[in-house]
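If you want the building blocks of each chain, they are given just below.
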Amino acid sequence: MGWTFILSLVVALAVVYKPLGDFMHRVYTGGRHNAVERVTYRLLGVRPDTEQRWSAYARSLLAFSVVSILFVYALQRLQDKLWLSLGFPPVTDHIAWNTAISFVTNTNWQAYSGENTMSHLTQMAALAVQNFVSAAVGMAVAIALVRGFARRGSDTIGNFWVDLVRGSLRVLLPIAFVGALVLVAGGVVQNFAGPHDITTLTGNVQHVTGGPVASQEVIKELGTNGGGFYNTNSAHPYENPSAWTNWFEIFLILLIPIALTRTFGRMVGQLRQGYAILAVMGVIAIASVVLTNVFELAGDATVPQAVGAAMEGKDVRFGVANSATFAAATTLTSTGAVNSFHDSFTPFGGMMTLFNMMLGEVAPGGVGAGLYGMLILAVITVFVAGLMVGRTPEYLGKKIGSREIKLASLYFLVTPALVLIGTAVAMGNEAGLAAMLNSGPHGFSEILYAFTSASNNNGSAFGGVTVNTPWYDVALGLCMALGRFLPIIFVLALAGSLARQTPVPESAGTLPTHRPQFVGLVVGVTIVLVALTFLPALALGPIAEGLF
Amino acid sequence: MERLPSWIRQHLAALRAVLVLTAVLGVAYPLATTGVAQALFDENPGLIGQSFTDADGNPVAKYFQSRPSAAGYDMLATAASNLGPEDVVDTPDRTSLLTQVCARSVAVGRLESVSGARPYCTSDGVGAVLKVFPALGKPTRAVSVNQACPARPFVATYQGVAVECGKPGEDYAAGRTVPIRGGATAVVPADAVTASGSGLDPHISVAYAELQAPRVARERGLPVDQVNTLIEQHTTGRPLGFMGEPGVNVLELNTALDKG
C-alpha cells in the first residue's frame, strides 16, 4: 500500500510536469503585463520594463525582505489592537522577531503554538502573505539564475518586482485558490470561529477553535513553507483530515520544485538539460523516500519494538508508511510541515529527515531554492569533472571560471558553517543545553536538527526541543536570515557574471551535461560533499542512538 | 519620487509592494476562499477526537476509548509527546516513553480483561530496563532502574549478577542501558498505547475497536454482533484502496451507540 502511495504521487507529478513547467516558462518570459499587474506596478511606483543588473535585483529583493520582516513583526506586536484578535495579547518580542524572520525566509520555524498565540488576522495577513511572497522570491532567484545561463552578453538578469508579482499572482494564487477548495472538500476548515467550549459526550468541557485554515494550508504546502495554523501542523485533523488530503498535500509540496526543472530546460533552450536536473533530484528523492519508509516500517528501536510499530507521534488515518513519505517529502523540500512527529521516529528514520535537509534541500528542494541549489551543485560538479580531465569547466556554454566557482563554493559553505557552528555553540552553553527534552544522543539530535532546519530554511523540528526562549529565538533567527540571504546574494552575483558571458562553442572536451553519466556525477558529488561535512555530527546523534 | 535617492525609492517600492500584496493575498484571497467554501461545502463535525472519560480522567466503560493524547484532546494546546524511540529510563522529573507505553498497556488490558503484557515491559507496567555497570566489560552490578525499591526486579539475575531494584535519586547515568525484551507478545494494539501526532486523533485502529467491543456491549446490554456492525459502519477505509490506514471514528461510533 505504502509503495502504491509513492508510485501514485510520481505518476501524478509526471502528468502535471509538462503543462505546469511550460506555463511557468510563459509567465516568466512573457513580455505582456495584464491589467491587474499594470495597476500593481503603478501602485508600487516601479517601471516593469526596466531590467535590473544583479546588484539592483539583489537590493530590491533585500529591501522587500527587510520591509516584510518589519511588517510581520509589527502586525504580531499590535495584534491585540487589530481585528480578529480573539483576545490574544501581543506576541512576545523575541518570538515575534523570530517568527517574522522565519516566515520571510520561507523557513516557517515555529517557536509558538498557532492556536493560542496568533490572531486570525496575524495568520492570514502577516503569515500567509509571506507564505506566498517568500515562495515567489525563491522562484524569482531561481529564474534569475537560469536567465544568467540563458542570456548572452547581457548586463541584466530581469526585474525583481515583475518576477515577484508574476510568481505570486499568476502562478501561486490560482493554484492556491483551487487547492484550498479541494482541501475544504476534504474537511479542512475555513471560517473565522475563535476559541470556544463544547460539551463532550461524557459531559466534560473541550476547548475548540476554528480559523481560515484551508486558505493558509494550501499555500503552506504549495510554497514549501510549512508553518502550521495549529501547533500540530499537518497532523491536526483541521489541517489534514484524511488520508487523501495527506496525499494531496504531499503532491502540492513537490509540485512547483519538480516542474521548475522543465521551466529551466525551456529557458535554456534544451529540454534535456532540465530532464537531467530532474533525474538527479528524482534519484535522490526516491532513494530517500524509500529508505525512510523502510526504517520506519522496520521500527528498529526499543520503544517501537515494545509497541509493535513506530506509532508514537503518528495518527491512525495516515499510518506509519504515509507518515514516513510525508516526512521525507517535507525535508527533501524546504517545507517543514509535519503530519507526524520526527522526534519520535526511529533513530534511522529520524536521521533520514536530518540528512535530507543536510543535502541542502535540493531534491527537489524548496520552490525556486531547490532549483538554484541544484544548479550550484551542477556547477561544482562540472568544476570537479574539469579538474579530473584538466580542462576549463563549462556548463550550458558558460565558462566556470574562478569568479563563478568562488561564488558557488561560498554558496555551498554557508549552511554547513551555520549548522555546525550553531550546534557547537548551543552545546557549549547552558541556555543552549536547557532546550533538550530527550537525553543522550537523542538530545544532541534535537539541537542538531534545530540548527539544520533553521539554517536550511526548512522549519520542521525534533519538536521536543524548547526553543521559545530569547537565546534560541535570536540564534535561530540569525541562522534563518543568514542561511537564506547570503546564498541568495551569491546566486544573484553568479547569475550576473554568467549573463555577461557570451557562450563558448561546444568542443570535443566539453562534458555533456544531459547524459546519465553527468546525472550520476552530480548525485555522487552531492552525497559525498554532504557526507564529508556532516558525518561526524550524525555519528554523535542518530547513528549512536541507532547502533547502541 | 524620481528625485529621491535610489535606496529610499527602493524601500518605498518595497513598502508599497508589501501593502498591495497583503491586500490581495492576505485579505481578498482568504475572504474569497471563505465565501466560496462556505457556499459549496458543509463542515464535518466528526473530525476532532474527544476523550471519553469522567471528570477524574477515568475511562467511562460504556464508551469506546480514544487513543492516548499528549494534549488531552484540547484544541488550544495541541501537541505530540516528542519523546524519542530510545527514551526508556524514568527520571524523577519525567516518566520515560517506554514506561508510559507499558503502563497504558497494563491499564487497557485491565479494562478489557485481556493480557496487558508487552515486549520490553515488566508485569507491573514499567519499562524492563537494566543499567549495567561497568558500561564496558563484564558486568559487576545490574539495576532495574524503572522499578523503585522495594519492588521485586523483573529478572533475578543478569549474566550471573543479582539484579537490584532502583533507588530513586541515585545517579545511574554511568551504566550501560540494557532493555530486556522478555517473552511476551502484545494483545493490546499499537495505537492504544501510543500518543498520536495531533493529540486530537479522531480514529482508533479496527483491532483496538474490536478489542473494546465486548466491554461496550456488556455495559450497554447489547449483543456483541450489533456493536461490531456499528464498528464496521464507522470504519473509514483506505481512500482509493491504497491511501493511509483504515480507522474507526470513535466520536461518531459513540454517538451512534448513544442514539441506540
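Residues numbered from 1 in each chain as written. Chains lettered and ligands numbered in written order. Predicted model: local features only at pLDDT ≥ 70, side-chain atom pairs only at ≥ 80, totals over all residues.

Caption draft 1: Quick peek at the overall build of chain A. Counting its regular elements, chain A contains 19 helices and 4 strands. In terms of overall dimensions, chain A is globule-like: its C-alpha atoms have a radius of gyration of 22 Å, near the 24 Å expected for 548 residues. Reported as C-alpha extents along the three principal axes, the dimensions of chain A are approximately 80 × 60 × 45 Å. Across the 548 residues that make up chain A, the buried fraction comes to 63%. In chain A, the share of contacts with a sequence separation of at least 24, taken over all contacts with a separation of at least 6, comes to 78%. (Helix = DSSP H or I, 4+ residues; strand = E, 2+ residues; numbered from the N terminus. Rg over C-alpha atoms; globule rule 2.2 N^0.38 Å. Buried ≥ 20, exposed ≤ 12 C-beta atoms within 10 Å, placed from the backbone. Contact = placed C-beta atoms within 7 Å.)

Caption draft 2: Region of interest: the overall build of chain B. Counting secondary structure elements, chain B contains 5 helices and 8 strands. Ordered by position from N to C terminus, the α and β elements of chain B give α-α-β-β-β-β-β-β-α-α-β-β-α. Taken against the 2.2 N^0.38 rule, which gives 18 Å for 260 residues, the C-alpha radius of gyration of chain B at 27 Å runs more than 25% over that of a compact globule. The dimensions of chain B, computed from C-alpha atoms along their principal axes, are 90 × 65 × 40 Å. A buried classification covers 46% of the 260 residues belonging to chain B. Once local pairs closer than 6 in sequence are excluded, the contacts in chain B between residues at least 24 apart make up 52%.

Caption draft 3: The sheet that holds strand S4 (residues 161–166) of chain B, seen in detail. Spatially, 5 strands are ordered S3-S4-S2-S1-S5 (chain B) in an open sheet, and the strand pairing comes out mixed. Taken across any chain shown, the strands that pair with only one partner, and hence form the sheet edges, are strand S3 (157–158) and strand S5 (176–179) of chain B. (Pairing = 2+ DSSP bridges.)

Caption draft 4: Geometry of the interface of chain A and chain B. Listed as interface residues are 94 residues of chain A and, on the opposing side, 85 residues of chain B. A per-element tally of the side of chain A that touches chain B places helix H7 (residues 160–186) of chain A first, with 9 residues. A per-class count over the side of chain A that touches chain B returns 49 nonpolar, 37 polar and 8 charged. (Nonpolar A, V, L, I, M, F, W, Y, C, P; charged D, E, K, R; others polar.)

Caption draft 5: Highlighting the sheet that holds strand S6 (residues 203–204) of chain B. Residue and element names in this part refer to chain B. Across the sheet, which stays open at both edges, the 3 strands sit in the order S6-S8-S7 with antiparallel pairing between neighbours. Edge positions in the sheet fall to S6 and strand S7 (235–236), since each has one partner strand and no second. Taken together, the 2 bridges between S7 and strand S8 (residues 247–249) define a ladder with antiparallel strand orientation. When the sheet's bridge partners are listed, Thr236 is paired in S8 with Gly247.

Caption draft 6: Fine view of the domain arrangement of chain B. Residue and element names in this part refer to chain B. Along its sequence, chain B is organised into domain 1 (1–42), domain 2 (44–81 + 195–260) and domain 3 (82–188). If you average the C-alpha positions of domain 2 and of domain 3, the two centres end up 30 Å apart. Counting residues at the interface gives 7 residues for domain 2, matched by 7 residues for domain 3. Counted by class, the side of domain 2 that touches domain 3 contains 4 nonpolar, 2 polar and 1 charged residues. (Domains from an automatic or database assignment.)

Caption draft 7: Representation of the packing of helix H8 (residues 213–222) of chain A against helix H9 (residues 243–267) of chain A in the model. All names here are of chain A. Running from N to C, H8 and H9 point in directions that differ by 45°, and their axes come no closer than 7 Å. When the axis of H8 is compared with that of H9, the two are oblique. Residues Val218, Glu221 and Leu222 of H8 pack against Glu249, Leu252, Ile253, Leu255 and Ile256 of H9. When grouped by side-chain class, the residues that make up the contact of H8 with H9 number 6 nonpolar, no polar and 2 charged. (Axes fitted to C-alpha atoms, helices over the stretch in contact; angles between N-to-C directions. Parallel < 35°, antiparallel > 145°, perpendicular 65-115°, else oblique.)

Caption draft 8: Representation of the pairing of strand S1 (residues 129–133) of chain B in the model. Residues and elements named next belong to chain B. Of all 5 residues in S1, 4 are buried; the element is thus mostly enclosed. Of the strand pairs in this sheet, S1 and S5 are connected by 4 bridges, and their pairing is antiparallel. The residue of S5 that forms the bridge with Leu130 is Val178. Relative to strand S2 (residues 141–148), S1 runs antiparallel, the two being bridged by 4 bridges. The residue of S2 that forms the bridge with Leu130 is Ser144.

Caption draft 9: View of the environment of Gly166 of chain B. All names here are of chain B. The residue Gly166 is located in strand S4 in this model. Put simply, Gly166 and Asn82 are 84 residues apart on the chain and 26 Å apart in space, counted from C-alpha to C-alpha. Sequence-distant contacts of Gly166, defined by excluding residues within four places in its chain, comprise Val143, Ser144, Val145, Asn146, Gln147, Ala148 and Cys149.

Caption draft 10: Structural context of unusual backbone geometry. That bond from Ala363 of chain A to Pro364 of chain A is cis: its omega, 0°, falls within 30 degrees of zero. Within the secondary structure layout, Pro364 of chain A lies in the loop between helix H13 (347–358) and helix H14 (369–389). With an omega of 10°, the peptide bond running from Cys149 of chain B to Pro150 of chain B counts as cis. Tracing the chain through its elements places Pro150 of chain B in the loop between S2 and S3. The phi angle at Ser113 of chain B is positive, at roughly 55°, despite the residue not being glycine. Along the chain, Ser113 of chain B turns up in the loop between helix H2 (97–112) and S1. Using a count of 9 C-beta atoms within 10 Å as the deciding quantity, one classes Ser113 of chain B as exposed. Even without being glycine, Leu240 of chain B reaches a positive phi, approximately 60°.

Caption draft 11: View of the environment of Met374 of chain A. All names here are of chain A. Relative to the elements of secondary structure, Met374 occurs in helix H14. Taking the number of C-beta atoms within 10 Å as the measure of exposure, Met374 has 29 and is therefore buried. Along the primary structure Met374 and Val141 are separated by 233 residues, whereas in three dimensions their C-alpha atoms are 13 Å apart. The residues contacting Met374, other than those within four sequence positions of it, are Ile277, Val280, Met281, Val362 and Gly365.

Caption draft 12: View of H7 of chain A. All names here are of chain A. The first and last C-alpha atoms of H7 sit 37 Å apart over 27 residues, in line with the 39 Å expected at 1.5 Å per residue. Of all 27 residues that make up H7, 20 are buried, and the element is covered over most of its length. Gly187 lies just past H7 and shows a positive phi near 120°. (Expected span 1.5 Å × (residues − 1).)

Caption draft 13: Looking closely at the environment of Val188 of chain A. Residues and elements named next belong to chain A. Looking at where Val188 falls in the secondary structure, it is placed in the loop between H7 and strand S1 (196–199). The sequence separation of Val188 and Ser242 amounts to 54 residues, and the corresponding C-alpha distance is 9.3 Å. Sequence-distant contacts of Val188, that is, excluding residues within four places in its chain, are made with Leu183, Val213, Ala214, Glu217, Tyr238, Glu239, Pro241 and Thr245.

Caption draft 14: Main features of the confidence of the model for chain B. Taken over all residues, the pLDDT of chain B has a mean of 95, while the share at 70 or more is 99%. Overall fold confidence (pTM) sits at 0.97, and the ipTM for the predicted complex is 0.96. (pLDDT = per-residue confidence, 0-100.)

Caption draft 15: Examining the packing of helix H3 (residues 54–77) of chain A against helix H6 (residues 120–150) of chain A more closely. Residue and element names in this part refer to chain A. Closest axis-to-axis distance for the H3/H6 pair is 10 Å, and the angle between their directions is 165°. With respect to H6, the element H3 is oriented roughly antiparallel. For the pair H3 and H6, the sense of crossing is left-handed. Only Thr122, Ala125, Ala126, Gln130, Val133, Val137 and Ala144 of H6 make contact with H3, whose side of the interface consists of Tyr57, Leu61, Ser68, Val72, Leu75 and Gln76. (Left-handed = near helix turned anticlockwise from the far one by under 90°.)

Caption draft 16: Spotlight on the pairing of strand S2 (residues 205–208) of chain A. All names here are of chain A. Here S1 pairs with S2 via 4 bridges, running antiparallel. Bridge pairing in S2 links Asp197 to His207. Hairpin remark: S1 followed by S2, antiparallel, with 5 residues in the connecting loop; positive phi at Gly203, about 90°.

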